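# Descriptive structure summary
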Amino acid sequence: GQNIDQPTEMTATEGAIVQINCTYQTSGFNGLFWYQQHAGEAPTFLSYNVLDGLEEKGRFSSFLSRSKGYSYLLLKELQMKDSASYLCARVGGATNKLIFGTGTLLAVQP
Amino acid sequence: GAVVSQHPSRVICKSGTSVKIECRSLDFQATTMFWYRQFPKQSLMLMATSNEGSKATYEQGVEKDKFLINHASLTLSTLTVTSAHPEDSSFYICSARDRGRMSNTIYFGEGSWLTVV
């Protein structure tokens, strides 16, 4: 299977740091994406990890551990506009298809 | 600007009719396009993988005769919802992989809201 698990909802405070975890099945793995999606809109690309370690890009960072089938998205200096769904997606299989996790709805509070 | 164009953005159709959604890559060749469906407050569910010039690969539980996918060129894939029913009302979104880049370049269309009345 290609189970990809994330927490359903998270709440954080403006200015704080939040970490959103994602676990996935490791067989046939070929890369891990994070997307942000606001309600009613298409997902927007945040990050892509294919090797172990931390990738930092401004306020957003993404970490991958291939052996553990684990990734996280770290959001720093949270802003109200960061309230959105964050989707973890795995690329893999013979056709390199992109499968999404359940998504995490993040609410940033003042 | 958008590199994957999806049309129409919103469509309302009567129950029993068919509706076609187009997904175009604007400035690159897409060897593979993916079609997703998203219900409110849920994640994107992969329906099928569309490869240019070959039959689409459908995910388990997705009826290929109901959701017809055609990928006739490297820049266009279409999804036709046949004999639509109200339960088919959903947000449909496509994504396309850039043939000329590494596998991590996947662009999404703007999505299409389908309402079946």
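Structure: see above.
Notes on the structure in this doc start here. (Residues numbered from 1 in each chain as written. Chains lettered and ligands numbered in written order. Predicted model: local features only at pLDDT ≥ 70, side-chain atom pairs only at ≥ 80, totals over all residues. Heavy atoms only, no water.)

Core analysis: the biggest nonpolar cluster contains 38 residues, and A:Trp34, A:Tyr35, A:Leu75, A:Tyr86, A:Leu98, A:Phe100 and B:Tyr36 have the highest contact counts within it. No other element matches the 6 residues that strand E9 (residues 84–92) of chain A contributes to this core. Those residues in contact with A:Tyr35, other than ones at most four positions away along the chain, are A:Pro43, A:Thr44, A:Phe45, A:Leu46, A:Ser85, A:Tyr86, A:Leu87, A:Ala89, A:Leu98, A:Phe100, B:Ile106 and B:Phe108. Within the second largest apolar cluster, 24 residues are counted, among which are B:Phe28, B:Ala30, B:Phe67 and B:Ile69. (Core = buried A, V, L, I, M, F, W, Y, C linked by side-chain atoms within 4.5 Å. Buried < 20%, exposed > 50% of the residue type's maximum accessible area, 1.4 Å probe, protein only. Helix = DSSP H or I, 4+ residues; strand = E, 2+ residues; numbered from the N terminus. Contact = heavy atoms within 4.5 Å.)

All names here are of chain B. The sheet built from 4 strands is open, its strands ordered E1-E3-E8-E7 with antiparallel pairing. Each edge of the open sheet carries a strand with a single partner, namely strand E1 (4–7) and strand E7 (67–73). Within the sheet, the average angular offset between the axes of one strand and its neighbour, ignoring direction, is 15 degrees. Where E7 lies against strand E8 (residues 76–81), 5 bridges are found, and the strand directions are antiparallel. Looking at E8, one finds that Ser73 is bridged to Leu76. (Pairing = 2+ DSSP bridges. Axes fitted to C-alpha atoms, helices over the stretch in contact; angles between N-to-C directions.)

Further remarks concern the interface of chain A and chain B. Between chain A and chain B, the residue contacts involve 19 residues of the former and 18 residues of the latter. Buried surface at the junction of chain A and chain B, both sides included, amounts to about 1500 Å², of which 59% is carbon and sulfur. Its largest share of buried area at the contact with chain B, chain A owes to A:Lys97, A:Leu98 and A:Phe100, together 27% of the area lost on that side. Across the contact surface, chain A and chain B share 1 salt bridge. Note that B:Glu59 is salt-bridged to A:Lys97, the shortest N-O span being 2.8 Å. Between the two partners, chain A and chain B, sit 4 residue pairs in polar contact (both at pLDDT 80 or more). Secondary-structure elements contributing two or more residues to the side of chain A that touches chain B are strand E4 (29–37), E9 and strand E10 (97–100) of chain A. No other element matches E10(A), which puts 4 residues into the side of chain A that touches chain B. Among the residues making up the side of chain A that touches chain B, the classes are represented as 10 nonpolar, 7 polar and 2 charged. (Buried area = accessible area lost by both parts, 1.4 Å probe. Salt bridge = Lys/Arg side-chain N within 4 Å of Asp/Glu carboxyl O. Polar contact = N/O pair within 3.5 Å; in protein donor to acceptor, adjacent residues only side chain to side chain. Nonpolar A, V, L, I, M, F, W, Y, C, P; charged D, E, K, R; others polar.)

Any two side chains of opposite charge can pair, given that their charged atoms come close. Residues and elements named next belong to chain A. Using the criterion set out here, one finds 6 salt bridges over all chains in the structure. The partner of Lys76 in a salt bridge is Glu56, and the shortest N-O contact between them spans 3.5 Å. Linking Lys76 in the loop between strand E8 (70–75) and E9 with Glu56 in strand E6 (residues 53–57), this pair joins segments that are 20 residues apart in sequence. Residue classification places Glu56 among the exposed positions, given a relative accessible area of 56%.

Cis geometry is found at the peptide bond from B:His7 to B:Pro8, where omega equals 0 degrees. Relative to the elements of secondary structure, B:Pro8 occurs in the loop between E1 and strand E2 (10–13). Even without a glycine there, the phi angle at A:Glu77 is positive, about 45 degrees. Despite not being glycine, B:Ser83 has its phi angle at roughly 45 degrees, a positive value. Structurally, the position occupied by B:Ser83 is in the loop between E8 and strand E9 (90–98). Of the residues examined, B:Ser83 reaches a relative accessible area of 36% and is grouped as partly exposed.

Moving on, we come to the sheet that holds strand E3 (residues 18–24) of chain A. All names here are of chain A. Ordered in space as E1-E3-E8-E7-E6, the 5 strands form an open sheet in which the pairing is antiparallel. Only two strands of the sheet have a single neighbouring strand rather than two, namely strand E1 (4–5) and E6. Summarising the sheet, strand E7 (residues 60–65) and E8 pair through 6 bridges and their orientation is antiparallel. Considered in E8, the bridge of Ser62 is made with Leu73.

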